[in-house]
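Each chain, letter by letter, is given below.
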Amino acid sequence: MVSVILPDLGTEILIPVCAIIGIGFSLLQWLLVSKVKLVPGPAATNNSGAAGKNGYGDYLIEEEEGLNEHNVVLKCAEIQNAISEGATSFLFTEYQYVGIFMVAFAILIFVFLGSVEGFSTKSQPCTYDPLKMCKPALATAGFSTVSFVLGAVTSVVSGFLGMKIATYANARTTLEARKGVGKAFIIAFRSGAVMGFLLAANGLLVLYITINVFKLYYGDDWEGLFESITGYGLGGSSMALFGRVGGGIYTKAADVGADLVGKVERNIPEDDPRNPAVIADNVGDNVGDIAGMGSDLFGSYAEFFSVGIIICLITTLFATDFFEIKAVKEIEPALKNQLIISTILMTIGVAIVSWVALPSSFTIFNFGTQKVVKNWQLFLCVAVGLWAGLIIGFVTEYYTSNAYSPVQDVADSCRTGAATNVIFGLALGYKSVIIPIFAIAVSIFVSFSFAAMYGIAVAALGMLSTIATGLAIDAYGPISDNAGGIAEMAGMSHRIRERTDALDAAGNTTAAIGKGFAIGSAALVSLALFGAFVSRASISTVDVLTPKVFIGLIVGAMLPYWFSAMTMKSVGSAALKMVEEVRRQFNTIPGLMEGTAKPDYATCVKISTDASIKEMIPPGALVMLTPLIVGIFFGVETLSGVLAGSLVSGVQIAISASNTGGAWDNAKKYIEAGASEHARSLGPKGSDPHKAAVIGDTIGDPLKDTSGPSLNILIKLMAVESLVFAPFFATHGGLLFKIF
C-alpha cells in the first residue's frame, strides 16, 4: 500500500472545514437577499452614497416609470406572509404524522436486527475475515436505529429550512423585478443558493459527526460501522418519500383546481387574486417543490464529496457576481452554464483529490473476491458519473425547454385541441428516455469494469457531487413561480409579470433538469445498494431463470406502475374536491368575478392539506411494506428480483413522466409569452390552442411534480430498506417457502 500525499488527519480536517465554509456561504447569500426590504422606504447606500452592487441601494418601490406605490409593497409582504404561514402549517401537520411513523419504524429496526442473533451481546466473527471478531448484532441494531432517527430528523429539517428560505425570498424577487429581470434573477438564484449550500453542508456535517461518534465504539470494525450508518440513508429517504408524495398531492390539487376553473372556465389569469385556490397553489409550490425536493436530495447526497461544496461555491459566483443578466434570453443560458462550469471544475477537483488523498492502488472486496483498484480508475468512475449527469441534464433541457423544437411541436399540436397535445406530449416523454438510459448504462459498465459495485457507488457520488449547484437552480424555479403569483395578486403591471414569467419558464426547465439528475443518480445509488444487499444477505448469484427470482422481478417491475396509479388518483381525487369548491365560490359569492368581494382562501388551503395528509399514506405504505413482506414471506432471492425489477421500470417511468409534464408546462408558457411569430399565432391567452395547452399542463402537473419525482425515492428507499434488514431476512425470511 503506497502512502498518500494528504494524510488521514488532513482529510479529517478538510471535510468539516468544507461543510462550515458551505454553511457560511449560504448565510452570506441570505444576508444579501435580506437587504431587499418588504417595507416601504429607501434602502441603504454604501459609504460613497452610491447604490450598492446589484442595485441594493436603489429606492426599492420606485418603478422605472417613476411610480411610487407603497401599498403594492405592503400587499406583497401580506401575500408572502400568507404563503409562509400556510406552508408552515401544512409541514407541521405532515410532520406530526411522519413522526409517529418514524418512532414505530425505529422500534421495528431495533427489534428485527436485534433478533438476528437472539439479542446477543457477544462479539461475532467478521464476515470479511472469520479470524477477526466484530461487534455484536445487538449493537448494530441499536446504532442503526439511532442513525435512522438522525437521518429522518435531518431530512425533515432540510425540507423545512428549504421551505422557509423559499417563502422568505419570493416577494423579494417580485419587488426586484420592478428594477429589471437581472435584479430579480440574482435574488431568486441567491435564495436557491442559500438552500443548496445549507442543505448540502448540513447533510455532510451531520454524517461526518455521526460516523466519527460511532467510530468511538466500533474502532476498527468497519463492517459494523457502515452497516449501522445505512440506517441514516433509510431515515432520510423514508421522510423524503412522505415529503414528496404529500407535498406533491398538495400542490397539484391546488394547481389543477386553480387552472381548470380559473383559466379554462372563467378565463382569468393564472394567479388572479379572485381565484379561491391561488394561495393554496402558491403554498403548494413550497411544500412540494421545495420542502419535498430538499428532503429527497438529502437522501441522495448523504455521501457527498466535500470538495464539491467549494467547486459549487465558485460556480455560483459566475451567476451572481462575475456576469450580469441583462435580458430575458440570457436567463436560461446562465442557469445551463452553472451545470457546465461546475462539471468542468469538479472534474479537475476530483482528479486532484484522487491524486493527493488516495493511495496509488488499494484492494476492495467484490462478492468474496479481492480486486485491486488504481486511484486513476476510481477517478474515472467519479468522472463518468459526473459527465453522465451533465448529459442527462442537457437531454432534459432539450426536451423540456420551449427554446427547442420538441416543446414547440407540442405547442403547435394544440391547434387541433387537447387530444393531439396529449398525444405529442406522451410521445415526447417516451422518446426523452432513450439517451439518459444509454448514459446510465455506459456509466454502469465503465464504473463496474474499474471498481465493481464500489465503482458504481462512486459514479453515483460523481453524479451528485455538484448537488449544491443542482439544488440552487432547482429551488430557483419555485421561487420564481411564487414571485409571478405575488406580482399578479398584488396588482403589479403586466410588464413585471412578463419578467417573472420569463424567470419561471427557465425555472421549469431547471427543475426538470434537477429531477433528471435525481433520477439518474437514484438508478446508480440503487444498483450499488442492490449489490450491497446481495452481499450482506449472502446471496451467491441472482439467477433470473430461478422461479423465486423471476416472480420477484416481474412484481418489482409492476410496483412503479402501482405507485404511480395511487399518486395520480390521489391528485385527481383531491383536485376534484378543489374544483368543486372553486366553482362553488364563483357561483355563490356575489361580486367575486367583479373583484369587489374576497374569496375564501382558507377553505381551499384546508382541502389541499386534508387531502394530501390522507392520500400520502397508502403510497408510502406500499413502498415501505413491500420489502418487509417480500423479505419475510418469500426470502432474499425473491426480494432481489423485486429490487431489480423496480429499478429497471422505475427509472424509465420517472424520466418519461417528469419530462412529459415539463414539456406540457413550457408549451403552455410558450403560447402565453408570445415571444415569436409562431407562438403569437397560437395565442393569445384564452384562445382555443391556449386552452388546449392548459389542459395538457394540468394533466402533466401530477406527472412531473408528484409521481415522477417520487419514483426515484421509491427505488432508492426499497433498496436501502432491504439493505438495512438484510441480516434479518437472511436469517428468518422466506417463511412461505420453508412451510411449503
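Here we summarise the structure given alongside this text.

Rules of the game
- Residues numbered from 1 in each chain as written.
- Predicted model: local features only at pLDDT ≥ 70, side-chain atom pairs only at ≥ 80, totals over all residues.
- Heavy atoms only, no water.
- 1 Å grid on protein atoms, 1.4 Å probe; cavity = no way out; pocket = protein on both sides within 12 Å on 5 of 7 lines; lining within 4 Å.
- Points joined across faces, edges and corners; volume = space filled by probe spheres on them.
- Helix = DSSP H or I, 4+ residues; strand = E, 2+ residues; numbered from the N terminus.
- Patch = residues over 30% accessible without salt bridge, like charges linked within 9 Å, V, L, I, M, F, W, Y side chains within 5 Å.
- Areas by Shrake-Rupley, 256 points an atom, 1.4 Å probe, with all protein chains shown as cover.
- Salt bridge = Lys/Arg side-chain N within 4 Å of Asp/Glu carboxyl O.
- Buried < 20%, exposed > 50% of the residue type's maximum accessible area, 1.4 Å probe, protein only.
- Phe/Tyr/Trp six-rings, centres within 6.5 Å; stacked < 30°, edge-to-face > 60°.
- Lys NZ or Arg CZ within 6 Å of the ring centre and 35° of its normal.
- Nonpolar A, V, L, I, M, F, W, Y, C, P; charged D, E, K, R; others polar.
- Polar contact = N/O pair within 3.5 Å; in protein donor to acceptor, adjacent residues only side chain to side chain.
- Contact = heavy atoms within 4.5 Å.
- Core = buried A, V, L, I, M, F, W, Y, C linked by side-chain atoms within 4.5 Å.
- Arc of directions from axis to C-beta.

1. Considering empty space enclosed by the protein
Piece 1. A complete count under the given rule lists 7 cavities of 30 Å³ or more for this structure.
Piece 2. One number sums up the size of the second largest cavity: a volume of about 110 Å³.
Piece 3. Lining of the second largest cavity is provided by 15 residues; of these, Thr466, Ile467, Gly470, Leu471 and Phe517 occupy positions nearest its centre.
Piece 4. Secondary-structure elements contributing two or more residues to the lining of the second largest cavity are α8 (331-357), α13 (467-489) and α14 (494-536).
Piece 5. Looking at which element gives the most residues to the lining of the second largest cavity, the answer is α13, with 6 residues.

2. Brief notes about a nonpolar patch on the surface
Piece 1. On the surface, Ile551, Leu625, Ile629, Phe633, Phe634, Leu735, Phe737 and Ile739 cluster together into a nonpolar patch covering about 680 Å² of accessible area.
Piece 2. Elements that contribute at least two residues to the nonpolar patch include exactly α17 (617-633) and α22 (735-739).
Piece 3. Considering the arrangement of structural elements, one finds Ile551 in helix α15 (residues 547-588).
Piece 4. The class of Ile551 is partly exposed, set by a relative accessible area of 38%.

3. What about the packing of aromatic side chains?
Piece 1. Per the stated rule, a full pass over the model turns up 25 aromatic pairs.
Piece 2. Arranged with centres 6.0 Å apart and planes meeting at 35°, the rings of Phe725 and Phe729 form a pair that is tilted. Of the two residues, Phe725 and Phe729, neither departs from the other in class, the shared state being buried.
Piece 3. Members of the aromatic cluster, each reached through a chain of ring pairs, are Phe101, Phe105, Phe112, Phe148, Phe242, Phe725, Phe728 and Phe729.
Piece 4. Between Lys336 and the ring centre of Phe394, over which it is positioned, the NZ or CZ distance is 6.0 Å.
Piece 5. Here the guanidinium or amino end of Lys548 rests over the ring plane of Phe737, the centre of that ring lying 4.8 Å away.

4. Here's the deal with the pattern of salt bridges
Piece 1. Applying the stated rule across the entire model yields 19 salt bridges.
Piece 2. Glu324 is paired through a salt bridge with Lys183; the nearest N and O atoms lie 4.0 Å apart. Linking Glu324 in the loop between α7 (306-322) and α8 with Lys183 in helix α4 (residues 181-218), this pair joins segments that are 141 residues apart in sequence.
Piece 3. A salt bridge links Asp697 to Lys668; the nearest nitrogen and oxygen atoms lie 2.9 Å apart. Taken together, the positions of Asp697 in helix α20 (residues 688-724) and Lys668 in helix α18 (residues 636-673) put the pair 29 residues apart, joining distant regions of the chain.
Piece 4. One salt-bridge network, in which partners are shared between bridges, spans Asp665, Lys668, Lys669, Asp697, Asp701, Lys704 and Asp705.

5. Description of the layout of surface pockets
Empty pockets left among the atoms are what a rolling probe the size of a water molecule brings to light.
Piece 1. As a volume, the second largest pocket reaches approximately 770 Å³.
Piece 2. Around the second largest pocket sit 31 residues that line it, and Val328, Ala502, Ala505, Ala673 and Ala675 are the ones nearest its centre.
Piece 3. When contributions to the lining of the second largest pocket are tallied by element, the ones reaching two or more residues are α8, α14 and α18.
Piece 4. For the lining of the second largest pocket, the leading source of residues is α14, giving 10 residues.
Piece 5. Along the lines of polarity and charge, the residues of the lining of the second largest pocket split into 12 nonpolar, 4 polar and 15 charged.

6. Some remarks on the side chain of Asn170
Piece 1. With respect to the element layout, Asn170 can be found in helix α3 (residues 137-176).
Piece 2. Only 3.1 Å separates the side chain of Asn170 from the side chain of Asn482, close enough to count as a polar contact.
Piece 3. Aside from chain neighbours lying at most four places away, what touches Asn170 is Gln80, Ile83, Asn286, Ile479, Asn482, Ala483 and Ile486.

7. A word on the nonpolar core
Piece 1. Ranked by internal contacts, the top residues of the largest apolar core, which has 172 residues, are Phe105, Phe185, Ile331, Tyr476 and Phe533.
Piece 2. No other element matches helix α2 (residues 70-114), which puts 18 residues into this core.
Piece 3. By size, the runner-up hydrophobic cluster in this structure holds 20 residues, among which are Tyr399, Ala411, Leu428 and Ala679.

8. A look at unusual backbone geometry
Generally, phi is negative for residues other than glycine and the peptide bonds are trans, each holding for most cases.
Piece 1. The phi dihedral of Phe119 falls on the positive side, at around 60°, and the residue is not glycine.
Piece 2. Relative to the elements of secondary structure, Phe119 occurs in the loop between α2 and β1 (124-125).
Piece 3. For Phe119, a relative accessible area of 39% gives the class partly exposed.
Piece 4. Positive phi outside glycine occurs at Ser538, with the angle close to 60°.
Piece 5. As for its placement among the helices and strands, Ser538 is situated in the loop between α14 and α15.

9. Thoughts on helix α10 (residues 405-412)
Given 3.6 residues per turn, any residue in an α-helix points the same way as the ones three and four places further on.
Piece 1. For α10, the set of buried residues is Pro406, Val407, Val410 and Ala411. In an axial view of α10, the angular spread of the buried residues amounts to 140°, which keeps them on one side of the axis.
Piece 2. Looking at the buried positions of α10, the neighbouring elements they touch are α9 (375-400), α11 (418-431), α18 and α19 (677-682).

10. Thoughts on the environment of Pro618
Piece 1. With respect to the helices, strands and loops of the structure, Pro618 is situated in helix α17.
Piece 2. It is 7.6 Å that separates the C-alpha atoms of Pro618 and Met566, two residues lying 52 residues apart in sequence.

11. Things to note about the environment of His690
Piece 1. Here His690 is to be found in helix α20.
Piece 2. Along the chain, His690 and Glu672 lie 18 residues apart, while their C-alpha atoms are 7.4 Å from each other.
Piece 3. Apart from residues lying up to four places away in sequence, His690 is in contact with Lys263, Lys668, Ile671, Glu672, Leu682, Pro684 and Lys685.
Piece 4. There is a polar contact of 3.1 Å between the side chain of His690 and the backbone nitrogen of Gly686.

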